[in-house]
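Spelled out, the chains give:
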Amino acid sequence: INSILIVLTAATDQTAGGAVVTFRMGNPLRACIFWTKRHGCSRAIQNPNDESLQDQAWAAVVPLVGKLKKFYEFSQRLEAALHSLLGALTNETYNDPTQHLEREQALAKQFAEILHFTLRFDELKMTNPAIQNDFSYYRRTLSRMRINNVPAEGENEVNNELANRISLFYADATPMLKTLSDGTTKFVSENKNLPIENTTDCLSTMASVCKVMLETPEYRSRFNSEETVSFCLRVMVGVIILYDYVHPVGAFAKSSKIDMKGCIKVLKDQPPNSVDGLLNALRYTTKHLNDESTNKTIKSMLQ
C-alpha cells in the first residue's frame, strides 16, 4: 500500500517500461466550463427571423464548436493511450497485480490521471446541457446556409460526417467514460491470448488501494489537499466502472474482487453533495448494477 500510495498521489516521471503516454491538452477542463456563459443561441433559437440575433449567435457558436471538435478528437487519443497503458499494465510479465503496479509506477499514475480527467470532464459536461442544443443549432444553421449558398465560416473545420460523429459522442451522458469503457472492452476482446484476469485484477487492485487509502486515517493523513482525496475517489469509481464492463459477471456480483459495499461507504462518508456525480456514475453508467445477482444491500446503498 505504501508504495502504491506514492504511485497514485505523487508526481512521477511520465516514462516507464519504454513507453511514453502524454494526454494533457493544455487545461482541457477549463475549456469545458465555457458553456456556462450566455452567448445568445437560446435567444436566436426562440427568434429564428431575427437576423441580427442569428448573426450574433453564429459568430459566438463557431469557435465553441471548434472546441467541441478538439475534445472529440482528444477522446480518440485517450482511447489509444488507454490501450497502450493496459497493454503495459497487464502484459505477459504480469504476475502479482500489486507488484506489477509497483514496477510500472509511472504508467499506473498515467492511467489514474486519465481516469481522474475522464470523471471530472463528464461531471462538467452533465452540468452544461446547452452543449447539445448549441451544437444542434450550429448544424441546422450550417445546413440552411448551404441550401442558400451562403459561405459558412468553420464548415471546413467540422464537415457533415465529422459533425455526425461529434453529435453521437456528446449525446451520451458521460461521453469520455463511455470512450474508456468501450476502449477497455475492445482491448480485452482484441487480446484473447491475454487472460482476462490480468485486466480485471489490475482494475480491482487499484480500486482496493484507493478504498484503503481513503478509509485509513494513517494513509489519508498523508494527502496534501482535498484535491488528492477527489483524485482517489474518481480513480476508484473509474476502475470500478471499467471492471464492471469487462468482468463476465461485473463488479457487483459476489464473485467480484472489489469490495463494493466498502467502496460505496467510502463515497457516502465524504462531505454532503461532494460526490453526487460519482454516486450517479455508479448508478447510471455501470453495466451490471441491476442484475438479479446484485446484492440487495448494495442496490439499496445506491438508491
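Remember, it's a predicted structure, so these values are computed and weren't measured experimentally.

*Asks:* Talk me through the overall build of the chain; I want residue IDs and the actual numbers.
*Replies:* Along the chain, the regular secondary structure elements total 15 helices and two strands. Looking at the 303 residues of the chain, the share that counts as buried comes to 51%. Accessible surface, the chain: about 14,800 Å² in total, of which carbon and sulfur atoms supply 49%.

*Asks:* Explain the environment of Gln132 residue by residue, including any values.
*Replies:* When you line up the elements, Gln132 lands in helix 7 (residues 130–147). With relative accessibility at 34%, the residue Gln132 sits in the partly exposed group. For the pair Gln132 and Ala171, spaced 39 residues apart in sequence, the C-alpha to C-alpha distance is 7.0 Å. Ignoring sequence-local partners within four residues, the contact set of Gln132 consists of Lys125, Tyr170 and Ala171.

*Asks:* Requested: an account of the packing of aromatic side chains, with residues and values cited.
*Replies:* In this structure the tally under the stated criterion is six aromatic pairs. When the centroid spacing of 5.8 Å and the interplanar angle of 40 degrees are considered together, the rings of Phe117 and Phe121 count as tilted. Of this pair, Phe117 and Phe121 are both found in helix 6 (residues 105–126), four residues apart, which corresponds to roughly one turn of the helix. Judged by centre distance (6.0 Å) and plane angle (20 degrees), the ring pair of Phe135 and Tyr138 falls under stacked. In this pair, Phe135 and Tyr138 are both assigned in helix 7, three residues apart and thus about one turn of the helix distant. An identical accessibility class is assigned to Phe135 and Tyr138; each is buried. Site record: aromatic cluster; members linked through ring pairs are Phe71, Phe74, Phe117 and Phe121.

*Asks:* I'd like a description of the packing of helix 10 (residues 196–215) against helix 12 (residues 226–246), backed by residues and values.
*Replies:* Interhelical geometry of helix 10 versus helix 12 gives an angle of 150 degrees and a closest axis separation of 9 Å. Taken together, the axes of helix 10 and helix 12 lie roughly antiparallel to each other. As helix 10 runs across helix 12, the sense of the crossing is left-handed. For the pair helix 10 and helix 12, the contacting residues are Ile196, Thr199, Thr200, Leu203, Ser204, Met206, Ala207, Cys210, Lys211, Met213 and Leu214 in the first and Val229, Cys232, Leu233, Val235, Met236, Val239, Ile240, Leu242, Tyr243 and Val246 in the second.

*Asks:* Requested: an account of helix 9 (residues 175–190), with residues and values cited.
*Replies:* With 16 residues, helix 9 extends 22 Å between its outermost C-alpha atoms, agreeing within 8% with the 22 Å of an ideal straight helix rising 1.5 Å per residue. Every buried residue belonging to helix 9 is among Pro175, Met176, Leu177, Thr179, Leu180, Ser181, Gly183, Thr184, Phe187 and Val188, and all of these are buried.

*Asks:* Requested: an account of the confidence of the model for the chain, with residues and values cited.
*Replies:* Within the chain, residue pLDDT values average 82, and 80% of them lie at 70 or more. Within the chain, helix 13 (residues 260–268) carries the highest mean pLDDT (96), whereas strand 1 (residues 15–16) carries the lowest (37). Within the model, pLDDT remains below 50 along residues 10–38, and this stretch shows 63 contacts once partners closer than five positions in the same chain are excluded.

The rules behind each value
Residues numbered from 1 in each chain as written. Predicted model: local features only at pLDDT ≥ 70, side-chain atom pairs only at ≥ 80, totals over all residues. Heavy atoms only, no water. Helix = DSSP H or I, 4+ residues; strand = E, 2+ residues; numbered from the N terminus. Buried < 20%, exposed > 50% of the residue type's maximum accessible area, 1.4 Å probe, protein only. Areas by Shrake-Rupley, 256 points an atom, 1.4 Å probe, with all protein chains shown as cover. Contact = heavy atoms within 4.5 Å. Phe/Tyr/Trp six-rings, centres within 6.5 Å; stacked < 30°, edge-to-face > 60°. Axes fitted to C-alpha atoms, helices over the stretch in contact; angles between N-to-C directions. Parallel < 35°, antiparallel > 145°, perpendicular 65-115°, else oblique. Left-handed = near helix turned anticlockwise from the far one by under 90°. Expected span 1.5 Å × (residues − 1). pLDDT = per-residue confidence, 0-100.

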